[in-house]
Amino acid sequence: MRHATRNRLGYVLVAILIGTLLFTGSASAKSPNDKLVGSGKFGQTVTFHFVISAHSGPSGENPRGQVTIDKPGIGEFEGQVTCLDVSGNTAIAVARLDEAFSFGTVTDFYLTVTDNGAPGQSPEDNVFAYAATYGSPIPPVTNCHAGFGGNIPVREGNYVIH
């Protein structure tokens with residue numbers, strides 16, 4: 001009886017060890033999907049604060065996520081990600097804002113980011129952002145290309161691209 005109990009205990013320990021190795025290996029493996037996530041403040045005379053969580057498949061398919069823009073004196077705006085393209089350490093995401101913050105009826109917000117590593121390193125992450133406001137409804141932007149990187153240094157925060 002003692003021998004059978006010891007064998008069962010050995011099987012249980014081996015099963016736990018294998019399960020732990022499988023779980024650790026899959027959790028540490030890099031995802032094949034693209035992402036642009038982070039938060040940062042930037043701007044020369046006016047400070048903008050942008051928070052983004054954008055995700056897609058490895059070729060930009062099925063983009064999803066949210067962007068929040070806070071501009072002092074104007075307010076906070078949110079939108080849904082409609083496009084994400086990642087190329088190396090540069091990404092562009094487009095979000096359809098839930099409400100326009102300027103004249104017009106529809107506003108798409110474009111955020112291009114260059115991820116230059118961990119916060120506090122030189123050079124800092126760089127961003128380029130702009131909004132496109134239209135006078136009449138148009139379909140959301142679903143085709144974007146990360147061709148150029150950001151050119152405004154992030155003063156506070158960090159963005160991560162994968």
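Our structure's up above, just so we're on the same page.
Because the structure is a prediction, the values reported are computed rather than measured.

1. Observations concerning the state of the cysteines
Scanning all chains against the criterion turns up one disulfide. Two residues share a disulfide in this structure: Cys83 and Cys144, whose sulfurs sit 2.1 Å from each other. As the torsion about the S-S bond is roughly -105 degrees, the Cys83-Cys144 disulfide counts as left-handed. With Cys83 in strand E4 (residues 75-87) and Cys144 in the loop between strand E7 (126-134) and strand E8 (152-153), this residue pair connects regions lying 61 residues apart in the sequence. Cys144 gets classed as buried once you look at its relative accessible area, which sits at 8%.

2. A few points about the packing of aromatic side chains
When we look at a pair of aromatic rings, we describe it by the centre distance and by the angle of the planes. Inspection of the entire model under this criterion finds four aromatic pairs. When the ring of Phe50 is compared with that of Phe109, the centres are 4.9 Å apart and the planes differ by 20 degrees; the resulting orientation is stacked. Of the two residues, Phe50 sits in strand E2 (residues 48-56) while Phe109 sits in strand E6 (residues 106-114), which places them 59 residues apart along the sequence. Taken together, the ring pairs connect Phe42, Phe48, Phe50 and Phe109 into an aromatic cluster.

3. Side note on the environment of Pro153
In this fold, Pro153 is placed in strand E8. For the pair Pro153 and Gly43, spaced 110 residues apart in sequence, the C-alpha separation works out to 8.0 Å. Aside from chain neighbours lying at most four places away, what touches Pro153 is Phe42, Glu124, Asp125 and Asn126.

4. Points about the pairing of E2
Along any regular strand the residues' side chains alternate between the sheet's two faces. Sheet topology places strand E1 (residues 34-42) next to E2; nine bridges connect them, and they run antiparallel. Within E2, the residue paired with Gly38 across the bridge is Ile52. In this sheet, strand E3 (residues 64-71) lies alongside E2 in antiparallel orientation, the contact comprising seven bridges. Across the sheet, the residue bridging to Ala54 is Gly65, located in E3.

5. Section: the side chain of Ser56
Tracing the backbone through its elements, the reader meets Ser56 in strand E2. When neighbours within four sequence positions are excluded, Ser56 is seen to be in contact with Asn33, Asp34, Glu61, Asn62, Pro63, Arg64 and Leu84.

6. So, a negative patch on the surface
A surface patch of negative charge is lined by Glu76, Glu78, Asp98 and Glu99. Structurally, Glu99 is set in the loop between strand E5 (90-97) and E6.

7. Re unusual backbone geometry
Here the bond from Ser122 into Pro123 is cis, since omega is 0 degrees, no more than 30 degrees from zero. By secondary structure assignment, the location of Pro123 is in the loop between E6 and E7. For Asn62, which is not a glycine, the phi torsion comes out positive at approximately 55 degrees. Relative to the helices and strands, Asn62 is located in the loop between E2 and E3. Take Asn62: its relative accessible area is 59%, and that puts it in the exposed class.

Calculation notes
Residues numbered from 1 in each chain as written. Predicted model: local features only at pLDDT ≥ 70, side-chain atom pairs only at ≥ 80, totals over all residues. Heavy atoms only, no water. Disulfide = S-S within 2.5 Å. Helix = DSSP H or I, 4+ residues; strand = E, 2+ residues; numbered from the N terminus. Buried < 20%, exposed > 50% of the residue type's maximum accessible area, 1.4 Å probe, protein only. Phe/Tyr/Trp six-rings, centres within 6.5 Å; stacked < 30°, edge-to-face > 60°. Contact = heavy atoms within 4.5 Å. Pairing = 2+ DSSP bridges. Patch = residues over 30% accessible without salt bridge, like charges linked within 9 Å, V, L, I, M, F, W, Y side chains within 5 Å. Areas by Shrake-Rupley, 256 points an atom, 1.4 Å probe, with all protein chains shown as cover. Salt bridge = Lys/Arg side-chain N within 4 Å of Asp/Glu carboxyl O. Lys, Arg positive; Asp, Glu negative; His and termini not counted. Charge placed at Lys NZ, Arg CZ, Asp CG, Glu CD.

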